[in-house]
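The chain contents come next:
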Amino acid sequence: MKKLLAVLLALTVVSAAFAGGGGQQSSGGVTKGMDRKIVMGYSQIGAESEWRTACTNSVQAAAKEWNIDLRFSDAQQKQENQLQAIRTFIRQKVDIIAFTPVVETGWEAILKECLDAGIPTICVDRSIQGSDRKAPNPNDKNDPDNWFTAFIGSDMEQEGNRAAKWMIANVPKLLPGKSVYKIAELQGTVGSSAMTGRFKGFRDTLGIPAASATGTGSDGKFQIILSQTGDFTRAQGKQVMEAFMKSNGKEIDVLFAHNDDMGIGAIQAIQEAGRVPGKDIIIIGIDAVKGAFEAMIAGTMNASIECSPLLGPQVMETAVKILNKQPVEKWVVSNESDFDQTNAAAVFPSRQY
Ligand code: AHR
């Protein structure tokens, strides 16, 4: 009986080592839901924000949980590093590749290389230009939705809509008696889907043409007077806000920051310029990271629109389904809420990031 078990075990190990993809298999059991351990290459953008760190932690923890051999590469905000990493994953014949595109354009060639190599890809958090993440026409090779298998992440345009809706509903109550509210905007990384979506969504809700950096909404009550990128970092958020305060400090009523980190950086710039963040200037961020909750509880930030970075479990589950040839959604959308000073303290203890 013992001999038979030993032979069966040896056969299992040998077949696992040679099973599909030929990726360098590490020892230590099989992936949950599979009959072998799978290898995933993951190209992450970098570590520009509190959100990004939470996203990386989520992916790494979920890979452990699913017993997936994760090859993780940090692109340090450079698309060329991402392209290089993905080419390395192809050469290594990993089973599946997941990646977060730093910007929307420039993915066609590499994704077609993945397709030619028979390696499925999952887009995580940010999407690529031209993709609506709905069922693509299988015969149209030029439809970007055919270049990857699944997208897992938020609706960035809706986040921009939600930020504008919160502003329309709350700013007149917080700053009564004004006929026009003047808005400064800190954009995210230029050309990223997180930036283009939030930029467009915010304007769509206000009735400002999506191509205009500045302009007045259709009801005449809200006017974007300044809009510049802070590249999603705290340091640049502060730096750009300092410039805004120098040029238009007395006029600004609202700051819309495409992420919380830039909003938190801006708080300091506003204080240094002698105005009170959260009171003189209403601050709306996106992400709902712990830092934003602390600022909302302290009264220096007013609202944060949630964008969940806890994508790891869905990425691993989707990868296993794809490799098992099970159907998957083209777009696995995240479930999210909006937070402000009215609920921040109650919700804070349960926040995971
Ligand atoms: O792509 C998601 C965005 O990227 C997050 O809102 C931001 O914090 C991050 O850096």
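Residues numbered from 1 in each chain as written. Predicted model: local features only at pLDDT ≥ 70, side-chain atom pairs only at ≥ 80, totals over all residues. Heavy atoms only, no water.

**What to know about unusual backbone geometry**
Which entries qualify depends on this criterion: What counts as a helix is a DSSP run of H or I of at least four residues, what counts as a strand is a run of E of at least two, and both are numbered from the N terminus. Burial here depends on accessible area, computed with a 1.4 Å probe over protein chains only, as a share of the maximum for the residue type. Under 20% is buried, over 50% is exposed, and the range in between is partly exposed.
Positive phi values are uncommon outside glycine, yet Gln77 reaches one of about 70°. Inspection of the secondary structure puts Gln77 in the loop between strand E2 (69–74) and helix H3 (79–91). Take Gln77: its relative accessible area is 29%, and that puts it in the partly exposed class.

**Considerations on the sheet that holds strand E10 (residues 282–287)**
Sheet strands associate in pairs through backbone hydrogen bonding, adopting either a parallel or an antiparallel arrangement. Just so we agree on the cut-off: Only when DSSP finds a minimum of two bridges between them are two strands counted as paired. In what follows, residue pairs with any heavy atoms lying within 4.5 Å of each other are defined as contacts. Throughout, an axis means a line fitted to C-alpha atoms (over the contacting stretch in the case of helices), and angles, computed between N-to-C directions, take values from 0 to 180 degrees.
Taken in spatial order, the 7 strands of this open sheet run E7-E8-E6-E9-E10-E11-E13, and their pairing is mixed. Among the strands making up the open sheet, the edge pair consists of strand E7 (215–216) and strand E13 (338–340). When strand E6 (residues 181–187) meets strand E8 (residues 222–229), the two strands line up parallel, connected through 7 bridges. When the bridges of E8 are listed, Gln187 appears paired with Thr229. Together, E6, E8, strand E9 (254–257) and E10 form the strand contacts of helix H6 (residues 193–206), whose direction differs from that of E6 by roughly 165°.

**Things to note about the site of the ligand**
Here is the rule we go by: Any residue with a heavy atom positioned within 4 Å of a molecule or strand is treated as near that molecule or strand. Pairing of N or O atoms within 3.5 Å defines a polar contact, subject to two protein rules: one partner must be a possible hydrogen donor and the other a possible acceptor, and residues neighboring in sequence count only if both atoms are side-chain atoms. Surface accessibility follows the Shrake-Rupley procedure with a 1.4 Å probe radius. Residue values consider only the protein chains on display as shielding. Three classes are used: nonpolar for Ala, Val, Leu, Ile, Met, Phe, Trp, Tyr, Cys and Pro, charged for Asp, Glu, Lys and Arg, and polar for all others, with Gly counted as polar. Source of the domain bounds: an automatic or database domain assignment.
If you check the shell around the ligand, you find Glu48, Ser49, Trp51, Arg52, Asp125, Arg126, Met156, Ala194, Arg198, Phe232, Asn259 and Asp287 and nothing else. Within the side chain of Arg52, an N or O atom sits 3.0 Å from an oxygen atom of the ligand. Side-chain polar atom of Arg126 to an oxygen atom of the ligand: 2.8 Å apart, as the coordinates give it. Here the ligand has 280 Å² of accessible area as a free molecule, and 100% of this is covered by the chains. Broken down by secondary-structure element, the contributors of at least two residues to the shell around the ligand are helix H2 (50–66) and H6. In terms of residue class, the shell around the ligand is made up of 4 nonpolar, 2 polar and 6 charged. If you count residues domain by domain, the shell around the ligand takes at least three from each of domain 1 (33–153 + 309–335) and domain 2 (156–307).

**Observations regarding the domain arrangement of the protein chain**
The condition is simple: Two parts placed together each lose some accessible area under a 1.4 Å probe, and the buried area is that loss summed for both. We count a salt bridge whenever a side-chain nitrogen from Lys or Arg sits within 4 Å of a carboxyl oxygen from Asp or Glu.
For the protein chain, the assigned domains are domain 1 (33–153 + 309–335) and domain 2 (156–307). Centre-to-centre, using C-alpha coordinates, domain 1 lies 30 Å away from domain 2. Taken together, the contact between domain 1 and domain 2 spans 12 residues of the former and 19 residues of the latter. Between domain 1 and domain 2 lies a buried interface of about 1100 Å² when both sides are counted; carbon and sulfur atoms form 48% of it. Broken down residue by residue, the surface that domain 1 buries against domain 2 is led by Glu50, Trp51 and Arg126, which jointly contribute 45%. Counting across the interface, domain 1 meets domain 2 through 1 salt bridge. Note that Arg234 and Glu50 form a salt bridge whose closest N and O atoms lie 3.0 Å from each other.

**Some points on the packing of H3 against helix H4 (residues 108–116)**
For clarity, the threshold we go by: Orientation labels follow simple angle bins: below 35 degrees gives roughly parallel, above 145 gives roughly antiparallel, 65 to 115 gives roughly perpendicular, and whatever is left gives oblique.
Where H3 contacts H4, the axes come no closer than 10 Å and their chain directions differ by 10°. In terms of axis orientation, H3 runs roughly parallel to H4. Packed against H3, whose contacting residues are Leu83, Ile86, Arg87 and Ile90, the element H4 presents Ile110, Glu113 and Cys114 at the interface. Tallied by class, residues from the contact of H3 with H4 come to 5 nonpolar, no polar and 2 charged.

**Concerning the pairing of strand E4 (residues 121–124)**
Side chains of E4 alternate between two faces, with Thr121 and Cys123 and Ile122 and Val124 buried alike. Pairing between E4 and strand E5 (residues 150–153): 3 bridges, direction parallel. Residue Val124 lies in a different strand from E5, and its bridge partner there is Ile152.

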